[in-house]
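Observations on chain architecture
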Amino acid sequence: MIYLDNAATSWPKPDAVGEAMVACIKNYGANPGRSGHRLAMQAGEKIYECRENLARLFGIGDPLRIAFTANATEAINLAVKGLLAAGDHVLISSMEHNAVVRPLKKLESRGVELSIVKADPGGRVDLKDIEKSIKPNTRLLIVTHASNVTGTVNDVQSIGSLARAHKIIFMVDAAQTAGKYPVDVELMNIDLLAFPGHKGLLGPQGTGGLYVREGLTLDTLKEGGTGSVSESLEQPDFLPDRYESGTLNTPGIAGLNEGVKYILDTGIDNIRQHEKQLEEQMLKGLGQIPGVKAYGSNNPELGVISITIDGRDCNEVGNELDDKYGIAVRGGLHCAFLAHETMGTQNTGTVRFSIGPFNTTGDIEQAITAVKTIAGA
């Protein structure tokens, strides 16, 4: 199998990820923060180690400002539903994933005002267009760091500076960049950072998190046992306990920790350079095939390439790549209808190839050859 669906979930994982999960279950699979015995303490220490490594990766000063969630979608829901109230105005780009759009549409029905800033066809949002859309009641600006359809990377540092100048809370959806592209919450003026564990961070599914800037308090999405201040019937008001009710996914977080350690040891720049070279190879090869159109900036940025083939249904192409050539991709609308509407592919969808750190030049060459055959070139 040639796996080119890393924008959905990265695969394979570093060996240490699975080994750490098994070791957790076998050797110290107790409840973290709920007991004082050695196994519970070991579980708690592993979770804190993962917080520390994530903080190193994202330039976060206090690891306790990171709340673990089941995925980026839960993190986004916690952020927007914990922050926005009737009468608030929120700005998003037209490249946002449904993980951002759908919770906001729910809040819109409850009196939150939503505006969508149109990105260019390549998927990049313009700073001037954002500024023109700001209103006196604008409370939150959400921008995807990189599109899951085109891989186009937004200049979140400049966008963050704009938000800071207008005293607007700035949230970044780092679903596609966490672990693959530099993220620094201080440098980029990020107040809220949502990230999944199972994509670029190379961890297992069922993991993710939300960074919350110091001084910013969100209402809770859920309440319950936290292992702390059990004598109080009220939810704790300190992080991360305020947002982490219920037993955490300790085996998953142990695996995520190893994924993050792999990235820190290998280096973001090295991972990015490897994927950039493969993306250059693929864009060059696809560009020579008649009837194939690539979308986005057409500049190597994040290892995500979306194409259409004249006269071919994108889902059928995806199935054929799998059935005949053993190549895993994703066809369709990628849970991002607004992005496809921006690109003009809302009626057709695209075939998405997404490169990971363990892909090779041979993988890319075989994928190019397969597309060429399918296109009848």
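What counts as what
- Residues numbered from 1 in each chain as written.
- Predicted model: local features only at pLDDT ≥ 70, side-chain atom pairs only at ≥ 80, totals over all residues.
- Heavy atoms only, no water.
- Helix = DSSP H or I, 4+ residues; strand = E, 2+ residues; numbered from the N terminus.
- Polar contact = N/O pair within 3.5 Å; in protein donor to acceptor, adjacent residues only side chain to side chain.
- Contact = heavy atoms within 4.5 Å.
- Pairing = 2+ DSSP bridges.
- Axes fitted to C-alpha atoms, helices over the stretch in contact; angles between N-to-C directions.
- Expected span 1.5 Å × (residues − 1).
- Core = buried A, V, L, I, M, F, W, Y, C linked by side-chain atoms within 4.5 Å.
- Buried < 20%, exposed > 50% of the residue type's maximum accessible area, 1.4 Å probe, protein only.
- Phe/Tyr/Trp six-rings, centres within 6.5 Å; stacked < 30°, edge-to-face > 60°.
- Left-handed = near helix turned anticlockwise from the far one by under 90°.
- Nonpolar A, V, L, I, M, F, W, Y, C, P; charged D, E, K, R; others polar.

Focus: the side chain of S10
Mapped onto the secondary structure, S10 falls in the loop between β1 (2–3) and α1 (15–27). Among the polar contacts made by the side chain of S10, one reaches the side chain of K13 at a distance of 2.8 Å. Those residues in contact with S10, other than ones at most four positions away along the chain, are Y3, H198, K199 and L202.

Quick word on the sheet that holds strand β12 (residues 330–332)
Read across the sheet, four strands follow the order β9-β10-β13-β12 without closing on themselves; strand pairing throughout is antiparallel. Two strands in the sheet have a free side with no partner beyond their single neighbour: β9 (292–295) and β12. Averaged over all adjacent pairs, the angle separating strand axes in this sheet is 30 degrees, with direction ignored. Strands β9, β10 (304–309) and β13 (350–354) of the sheet are contacted by helix α8 (residues 268–286), whose axis makes an angle of about 15 degrees with β10. Of the strands in this sheet, β9, β10 and β13 touch helix α11 (residues 361–374), which is tilted by about 15 degrees from β10.

Side note on helix α2 (residues 38–58)
The terminal C-alpha atoms of α2 lie 30 Å apart, and with 21 residues this matches the ideal 30 Å at 1.5 Å per residue to within 8%. Taken together, the buried residues of α2 touch β2 (66–69), β7 (192–196), α7 (250–266) and α8. Backbone geometry just downstream of α2 places G59 in the positive-phi region, at approximately 70 degrees.

Considerations on the nonpolar core
Core analysis: the biggest nonpolar cluster contains 46 residues, and L54, F58, L141, F170, L193 and L201 have the highest contact counts within it. Counting residues per element, this core draws most heavily on α2, at six residues. Sequence-distant contacts of F58, that is, excluding residues within four places in its chain, are made with A178, V183, D184, V185, L193, F195 and L201. Counting 30 residues, the second largest nonpolar core, distinct from the first, contains L84, V90, V101 and L104.

Concerning the environment of G303
Considering the arrangement of structural elements, one finds G303 in the loop between β9 and β10. Overall, G303 belongs to the buried group, its relative accessible area being 1%. Distance from G303 to K118, taken between C-alpha atoms, is 23 Å for residues 185 residues apart in sequence. Non-local contacts of G303, meaning those with residues more than four positions away in its chain, are made with E279, F353, S354 and I355.

As for the packing of aromatic side chains
For the coordinates displayed, the defined rule picks out three aromatic pairs. Considering the side-chain rings of Y3 and W11, the 5.5 Å spacing of their centres and the 65 degrees angle between planes classify their relative orientation as edge-to-face. By relative accessible area, which is 47% here, W11 ends up partly exposed.

Notes on the packing of α2 against α7
Their axes nearest at 9 Å, the elements α2 and α7 cross at an angle of 35 degrees. Of the two possible hands of crossing, α2 and α7 adopt the one that is left-handed. Residues A43, K46, I47, E49, C50, N53, L54, R56 and L57 of α2 form the contact with α7, whose own contacting residues are T250, I253, A254, L256, N257, V260, K261, I263 and L264. Among the residues making up the contact of α2 with α7, the classes are represented as eleven nonpolar, three polar and four charged.

Let's talk about the sheet that holds strand β4 (residues 113–117)
Backbone-to-backbone hydrogen bonds join strands into a sheet, with any given pair of strands oriented parallel or antiparallel. The strand order across the open sheet formed by seven strands is β2-β8-β7-β6-β5-β3-β4, and the pairing between neighbours is mixed. Each of the sheet's edge strands pairs with one partner strand only, and the pair in question is β2 and β4. Strand-to-strand twist across the sheet, computed as the mean angle between neighbouring axes with direction ignored, equals 20 degrees. Sitting on the sheet, α2 touches β2 and β7, and the angle it makes with β2 is about 115 degrees.

These figures come from the coordinates and say nothing about function on their own.
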